[in-house]
Amino acid sequence: MSQLPASYQDYLEGKSVAFIETVRPVLLQSAADQQHGVRVIYNPGSTGHQAHLDESVPYGTIVEDID
């Protein structure tokens, strides 16, 4: 399993277990391919947080958005 870069580990620090379980698989996928960063989207109306690889975000970077 790929190690997370320090920027991803720092991002997860202090977050809830539920949040980490939601975004960690995508962070691991990003760390495995080392090509794209991650966009974390918060949808206050329904699904809560979602994360996905984003080719417009540089590897090692996490961008937060509100849907």
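Here's what I pulled together on the structure shown here. (Residues numbered from 1 in each chain as written. Predicted model: local features only at pLDDT ≥ 70, side-chain atom pairs only at ≥ 80, totals over all residues. Heavy atoms only, no water.)

Looking at the pattern of salt bridges
Right, on to step 1. All told, the structure shown has two salt bridges when counted by the stated rule.
Right, on to step 2. Between Asp-54 and Arg-39 there is a salt bridge; the shortest N-O distance is 2.5 Å. Taken as a pair, Asp-54 in strand β2 (residues 48-54) and Arg-39 in strand β1 (residues 37-43) lie far apart in primary sequence, 15 residues in all.
Right, on to step 3. A relative accessible area of 16% places Arg-39 in the buried class.
Right, on to step 4. One salt bridge connects Asp-65 with Arg-39, and the closest N-O pair in it is separated by 2.6 Å. Here the residue Asp-65 occupies a position in strand β3 (residues 62-66), and Arg-39 occupies one in strand β1, the gap between them amounting to 26 residues.
Right, on to step 5. Linked through salt bridges whose partners overlap, the residues forming this network are Arg-39, Asp-54 and Asp-65. (Salt bridge = Lys/Arg side-chain N within 4 Å of Asp/Glu carboxyl O. Helix = DSSP H or I, 4+ residues; strand = E, 2+ residues; numbered from the N terminus. Buried < 20%, exposed > 50% of the residue type's maximum accessible area, 1.4 Å probe, protein only.)

Some points on the sheet that holds β3
Right, on to step 1. Strand order in the open sheet formed by three strands is β2-β1-β3, with mixed pairing between adjacent strands. The open sheet is flanked by β2 and β3, the only strands paired with a single partner. For this sheet, the mean angle separating the axes of adjacent strands, direction not counted, is 25°.
Right, on to step 2. As paired elements, β1 and β3 share five bridges and run parallel to each other. If you follow Val-40 over to β3, its bridge partner there is Glu-64.
Right, on to step 3. Helix α2 (residues 17-33) rests against β1, β2 and β3 of the sheet, and its axis sits at about 5° to β2. (Pairing = 2+ DSSP bridges. Axes fitted to C-alpha atoms, helices over the stretch in contact; angles between N-to-C directions. Contact = heavy atoms within 4.5 Å.)

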